[in-house]
Amino acid sequence: MVREFILNTGAKIPSVGMGTYSRRTENFCDAVIAGVKAGYRHIDCAKMYNNQKEIGIALKKSFEDGTVKREDLFITSKLWCSDLTPEDAPLALDSTLQDLQLDYIDLYLIHWPFRVKKGSSLKPENFLQPDIPATWRAMEKLYDSGKARAIGVSNFSCKKLEDLLSVARVPPAVNQVECHPSWQQVKLHDFCKLNNIHLSAYAPLCRQEYCSSGRELMQYNPVIKMICEKLEKTPAQISLRWGLQMGHSVIPKSTNENRIKENFDVFDWSIPHDLMAEFSQIEQVRLVKGEGFVHPQSIYMSLDDLWDGEI
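So, here's what we can say about the structure. Here the structure is a predicted model, which is why all the values come from computation and not from measurement. (Residues numbered from 1 in each chain as written. Predicted model: local features only at pLDDT ≥ 70, side-chain atom pairs only at ≥ 80, totals over all residues. Heavy atoms only, no water.)

**Section: the pattern of salt bridges**
Inference 1: Going through the model one piece at a time under the given rule, you end up with twelve salt bridges.
Inference 2: Measuring nitrogen to oxygen at the nearest pair gives 4.0 Å for the salt bridge that ties K60 to E64. Taken together, the positions of K60 and E64, both in helix α2 (residues 52-64) and four residues apart, correspond to about one turn of that helix.
Inference 3: Judged by relative accessible area, K60 falls into the partly exposed class, the value being 39%.
Inference 4: Owing to a relative accessible area of 59%, E64 belongs among the exposed residues under this scheme.
Inference 5: A salt bridge links R70 to D106; the nearest nitrogen and oxygen atoms lie 2.8 Å apart. Of this pair, R70 sits in the loop between α2 and β5 (74-79) while D106 sits in the loop between α3 (88-100) and β6 (107-110), and the two are 36 residues apart along the sequence.
Inference 6: Its relative accessible area of 13% is what places R70 among the buried residues.
Inference 7: On the accessibility criterion, D106 (10% relative accessible area) is buried. (Salt bridge = Lys/Arg side-chain N within 4 Å of Asp/Glu carboxyl O. Helix = DSSP H or I, 4+ residues; strand = E, 2+ residues; numbered from the N terminus. Buried < 20%, exposed > 50% of the residue type's maximum accessible area, 1.4 Å probe, protein only.)

**Things to note about the pairing of β6**
Inference 1: Both faces of β6 are covered, namely the face carrying L107 and L109 and the face carrying Y108 and I110.
Inference 2: Relative to β6, β5 is paired through four bridges, and the arrangement is parallel. Its bridge partner being in β6, S77 is matched across the sheet by Y108.
Inference 3: Taken together, β5, α3 and β6 form a β-α-β motif whose crossover is right-handed.
Inference 4: As paired strands, β6 and strand β9 (residues 151-154) are joined by three bridges and run parallel to one another. When the sheet's bridge partners are listed, I110 is paired in β9 with V153. (Pairing = 2+ DSSP bridges. Right-handed = clockwise from strand over helix to strand, strands pointing away.)

**Quick look at the nonpolar core**
Inference 1: I43, L59, I75, Y108 and F279 are the most contacted members of the largest nonpolar core, which has 71 residues in total.
Inference 2: Sorting elements by how many residues they give to this core places helix α1 (residues 28-38) first, with seven residues.
Inference 3: Setting aside anything within four residues of it in sequence, one finds L59 in contact with V32, I43, L73, I75, L100 and L102. (Core = buried A, V, L, I, M, F, W, Y, C linked by side-chain atoms within 4.5 Å. Contact = heavy atoms within 4.5 Å.)

**Looking at helix α8 (residues 235-245)**
Inference 1: Buried residues dominate α8, accounting for nine of its eleven residues.
Inference 2: Of the residues making up α8, those classed as buried are A236, Q237, I238, S239, L240, R241, W242, G243 and L244.
Inference 3: Where α8 is buried, its residues touch β1 (4-6), α7 (222-231), β12 (249-251), α9 (257-264) and α10 (273-276).
Inference 4: Phi turns positive one or two residues past the end of α8, at G247, with a value near 95°.

**A look at the packing of α1 against α2**
Inference 1: Relative to each other, α1 and α2 sit at 35°, their axes nearing to 8 Å. Classified by chirality, the crossing of α2 by α1 is right-handed. Counting all contacts with α1, which are made through F28, C29, V32, I33 and V36, the residues of α2 involved are E54, I55, I57, A58, L59, K61 and S62.
Inference 2: Grouping the amino acids of the contact of α1 with α2 by side-chain chemistry returns nine nonpolar, one polar and two charged. (Axes fitted to C-alpha atoms, helices over the stretch in contact; angles between N-to-C directions. Left-handed = near helix turned anticlockwise from the far one by under 90°. Nonpolar A, V, L, I, M, F, W, Y, C, P; charged D, E, K, R; others polar.)

**With respect to the packing of aromatic side chains**
Inference 1: Applying the stated criterion across every chain yields a total of nine aromatic pairs.
Inference 2: On the basis of an interplanar angle of 40° and a centroid distance of 4.5 Å, the ring pair of W112 and F293 is categorised as tilted. Pair noted here: W112 is in the loop between β6 and β7 (115-116) and F293 is in the loop between α10 and α11 (303-307), with a separation of 181 residues, a long-range link.
Inference 3: With a relative accessible area of 7%, W112 lands in the buried category.
Inference 4: Accessibility expressed as a relative area gives 4% for F293, which makes it buried.
Inference 5: Ring pairs connect the aromatic residues W112, F114, F127, F293, Y300 and W307, which therefore count as one cluster.
Inference 6: Above the ring of W307, the side-chain terminus of R286 is found at 3.7 Å from the ring centroid. (Phe/Tyr/Trp six-rings, centres within 6.5 Å; stacked < 30°, edge-to-face > 60°. Lys NZ or Arg CZ within 6 Å of the ring centre and 35° of its normal.)

Here is the structure:
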């Protein structure tokens with residue numbers, strides 16, 4: 001049973017978290033309440049998702065009705081690209097804490113290694129040069145204050161992590177990235193393991209909403225289908241269990257109560273070693289490419305620049 005992983009801070013991150021990102025308008029208040037009742041103890045949030053107030057209401061209800069205590073939950077949020085200056089980062093965290101109705105957050109991540117003008121959108125005229133070392137020093141102060149019990153990054157390549165480690169007083173505890181059987185991140189997995197950085201997987205189900213190219217969903221992959229038939233599990237469960245056995249925490253997202261429960265049913269069984277070896281046959285394609293950060297006016301002139309060749 002892989003219920004939790006230990007971060008380099010000593011904190012324990014639950015191995016299966018509940019994602020709250022969606023391109024659609026969905027009722028995450030009810031979904032979070034259902035998730036907590038189903039056993040989820042990690043809720044993954046972000047300012048950019050525009051639903052933290054809604055999630056805060058759900059958390060308050062879950063505390064008040066006795067379903068969980070605050071110390072039972074692990075709450076993650078993220079610093080958006082418009083708040084990367086040392087002056088703006090603490091204000092952004094305070095705003096997130098207010099929205100979530102919390103006194104502290106368990107994990108605070110730099111959402112992307114990119115910067116735009118404060119209060120602006122991802123348009124070329126708003127692009128600015130980020131100063132990640134300066135932002136990280138601000139994150140370290142938030143960690144020192146106790147408002148963020150752990151700090152980390154999201155969407156960082158091996159090179160960007162290496163650059164950050166060279167200046168960090170407090171090393172990142174987590175790198176949250178796209179990771180699933182169709183994008184296994186082998187190089188990044190090995191780098192994070194070597195440097196005691198936990199890899200946390202968003203989009204672990206390879207769902208279509210993350211994909212602009214119309215790539216087939218995971219259930220149509222022949223390797224996944226074969227393993228599903230042998231183990232009598234769903235494609236989602238196979239994909240999530242693969243992530244856990246690779247040592248990653250996984251953050252599936254659903255607002256459907258049955259799927260919320262199904263996604264959490266990954267602990268009392270495992271994928272045998274011989275079937276784990278079959279995942280190496282799956283074609284690898286990154287779905288979350290970050291095209292919006294690439295432009296002649298951006299610091300990233302190509303996707304290769306953004307991901308430092310990990311594309």
